[in-house]
Amino acid sequence: TRARFSLASFEIGRPLGKGKFGRVYMARTKTEPKYIVALKCLHKEELVKAKVEKQLRREIEIQSHLAHPNILRLHGYFHDEKRIFLMLEFAGKGELYKQLHKCHHFSEKRSSRYIAQMTDALAYLHRKHVIHRDIKPENLLLGIDGELKIGDFGWSVHAPGNRRTTLCGTLDYLPPEMVEGKDHSEKVDLWALGVLTYEFLIGVPPFEDLNGYNATYKRIARVDLKFPTDGTAPSPEAQDLIKRLLRHDPQARLPLDQVAVHPWITKYRKKVSSAGSRG
Ligand SMILES: CC[C@@H](NC(=O)c1cc2[nH]nc(NC(=O)c3ccc(N4CCN(C)CC4)cc3)c2s1)c1ccccc1
């Protein structure tokens, strides 16, 4: 029997952040056991106006059935006449993109460990034939131990997908097959993993073009990938992994099980102390 929650079940804490259609607050259940959650409050009126209620229903359906350390848990949801409330896992170190902007780019070690966690999470999603389709720093959170958590499944679908809703926001993370409106598969997340690796290491996405949407579109379609030549280029191993993911042909992109054993990933994987292996 599923526990029934309502707004009255919670003490609402400080606002944590905001996104499209609403805000997210820290919240705690009033009765034992006192759960801390991130309560995301979305306004029904805005969802209907933007015609995204079906997308939200899909987000809830998909995310509530996922359980992985690098994927933000959706514990459940409830609604009143004006709002829908999602009871999300609280990620104690906040939004990853704010840290990326603060330190401009991440070190090779920090980037490699985040990409290893992303690879584990994506392998879990793809085993369930779920494509995320919106992997970007703005949708990533950090748990209390600094572990990466994929949030915001607003664009996820069961494979194969063919987008009907008009794309809005940045093209930067979209692969050629999506900007060209073609059918797409889980391989779109491999492309996004390559874009994410590049942005972690360099601080900007690879095909960003300040001349705007069409210029970015062209650079994606041509896979116009360039690394800095001012001495800030990533290591050869990092460049190798990025080049193996940013392939125009979705079938040519490095599969996740090979990303997991790529030298740039294994080089920085957390060492388990010898005691650990005996313990
Ligand atoms: C990414 C936007 C999206 N957000 C979520 O879904 C979100 C879900 C979710 N779970 N936990 C969160 N944690 C935080 O937002 C957070 C922020 C700052 C924190 N710190 C500040 C610095 N300090 C030094 C340490 C603690 C800690 C936690 C968020 S955000 C969204 C989308 C639509 C509507 C609202 C929110």
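These numbers come from a predicted model, not from an experiment. Just so you know, the residues in each chain are numbered from 1, in the order the chain's sequence is written. Note on the predicted model: pLDDT of at least 70 is required for a residue's local features to be given, and 80 or more for side-chain atom pairs to be given and counted; whole-chain, interface and lining totals, by contrast, use all residues. Water and hydrogen atoms play no part in the side-chain values, which are based on all heavy atoms of the structure.

Details of the sheet that holds strand β4 (residues 74-79)
For two strands to count as paired, DSSP must find a minimum of two bridges between them. Secondary structure elements are taken from DSSP: a helix is a run of H or I of four residues or more, a strand is a run of E of two residues or more, and numbering for both begins at the N terminus. The strand order β1-β2-β3-β5-β4 describes an open sheet built from 5 strands, whose pairing is antiparallel. Only two strands of the sheet have a single partner each, and these edge strands are β1 (10-19) and β4. For this sheet, the mean angle separating the axes of adjacent strands, direction not counted, is 25 degrees. Pairing between β4 and strand β5 (residues 83-88): 5 bridges, direction antiparallel. Of the residues in β5, the one forming a bridge with Tyr77 is Leu86. Lines fitted to C-alpha atoms define the axes, with helix axes restricted to the stretch in contact, and inter-axis angles between N-to-C directions lie between 0 and 180 degrees.

Considerations on the side chain of Asp189
Its place among the elements puts Asp189 in helix α6 (residues 187-202). Aside from chain neighbours lying at most four places away, what touches Asp189 is Leu122, His126, Val130, Ile131, His132, Arg133 and Ile135. Any two residues having at least one pair of non-hydrogen atoms within 4.5 Å are treated as being in contact.

What to know about the pattern of salt bridges
A pair is scored as a salt bridge if a Lys or Arg side-chain nitrogen falls within 4 Å of a carboxyl oxygen belonging to Asp or Glu. Considering all chains together, one arrives at 12 salt bridges under this definition. The partner of Lys182 in a salt bridge is Glu180, with the nearest N and O atoms 2.9 Å apart. Remark: exposure states derive from per-residue accessible area (1.4 Å probe, protein chains only) relative to the maximum for the residue type, with buried under 20%, exposed over 50%, and partly exposed in between. Taking relative accessible area as the criterion, Lys182 reaches 46% and is therefore assigned partly exposed. Taken together, the salt bridges that share partners define one network made up of Glu89, Glu147 and Lys149.

Digging into the site of the ligand
For each residue, the test is whether any non-hydrogen atom lies within 4 Å of the molecule or strand; if one does, the residue is near. Taken together, 21 residues form the shell around the ligand, and within it Gly19, Ala38, Lys40, Glu89 and Ala91 come nearest. Any pair of nitrogen or oxygen atoms within 3.5 Å is treated as a polar contact; in protein, a donor-acceptor pairing is required on top of that, and neighbouring residues in sequence qualify only through side-chain atoms on both sides. Between the ligand and the protein, one listed contact pairs an oxygen atom with a side-chain N or O atom of Lys40 at 3.3 Å. For the ligand, a nitrogen atom lies 2.8 Å from a polar atom in the backbone of Ala91. We get accessible surface area from the Shrake-Rupley algorithm with a probe of 1.4 Å; when it comes to residues, only the shown protein chains can shield them. Protein coverage of the free-state accessible area of the ligand, which is 750 Å², stands at 75%. When residues of the shell around the ligand are traced back to their parent elements, those giving at least two are β1, β2 (22-29) and β3 (36-43). If one sorts the elements of the shell around the ligand by residue count, β1 sits on top with 4 residues. Residue composition of the shell around the ligand, by class: 8 nonpolar, 4 polar and 9 charged. Amino acids outside the nonpolar list (Ala, Val, Leu, Ile, Met, Phe, Trp, Tyr, Cys, Pro) and the charged list (Asp, Glu, Lys, Arg) are all regarded as polar, and Gly is one of them.

Here we look at the nonpolar core
Formed by 53 residues in total, the largest nonpolar core has its most connected members in Met118 and Phe200. Broken down by element, the residue count for this core peaks at 11 residues, all from α6. In these notes, a set of buried Ala, Val, Leu, Ile, Met, Phe, Trp, Tyr and Cys residues joined through side-chain atoms within 4.5 Å is what counts as a nonpolar core. In terms of nonpolar packing, the next biggest core, distinct from the first, is built from 14 residues, Leu56, Ile60, Leu72 and Ala91 among them.

Focus: the packing of α6 against helix α8 (residues 236-245)
A pair of packed helices is characterised by two quantities: the angle between their axes and the separation of those axes. Direction vectors running N to C along α6 and α8 enclose 150 degrees, while the axes themselves pass 8 Å from each other. With respect to α8, the axis of α6 lies roughly antiparallel. Both α6 and α8 take part in a crossing whose hand is left-handed. Of α8, the residues touching α6 (which contributes Leu190, Trp191, Leu193, Gly194, Thr197, Tyr198 and Leu201) are Ala238, Ile242 and Leu245. Residue composition of the contact of α6 with α8, grouped by class: 8 nonpolar, 2 polar and no charged. Here the angle decides the label: under 35 degrees means roughly parallel, over 145 means roughly antiparallel, 65 to 115 means roughly perpendicular, and every other value means oblique. It is the rotation of the near helix from the far one that decides the hand of a crossing: anticlockwise by less than a right angle makes it left-handed, clockwise makes it right-handed.

Description of the packing of helix α4 (residues 108-127) against α6
Here α4 crosses α6 at 165 degrees, and the two axes come no closer than 10 Å. The orientation of α4 relative to α6 falls into the category roughly antiparallel. The two elements α4 and α6 meet at a crossing, and its hand is right-handed. Along the contact surface, α4 presents Glu108, Ser111, Tyr114, Ile115, Met118, Thr119, Leu122 and His126, while α6 presents Asp189, Leu193, Leu196, Thr197, Phe200 and Leu201. Taken together, the residues of the contact of α4 with α6 sort by class into 8 nonpolar, 4 polar and 2 charged.

A word on helix α7 (residues 213-221)
Considered for burial, the residues of α7 that qualify are Ala215, Thr216, Arg219 and Ile220. For α7, the buried positions fall inside an angular range of 135 degrees around the axis, keeping them on one side. Residues of α7 that are buried sit in contact with α5 (176-179) and α6. Taken from the residues just after α7, Val223 is the one with a positive phi, measuring 45 degrees. The arc in question is the one spanned by the directions pointing from the helix axis to the C-beta atoms.

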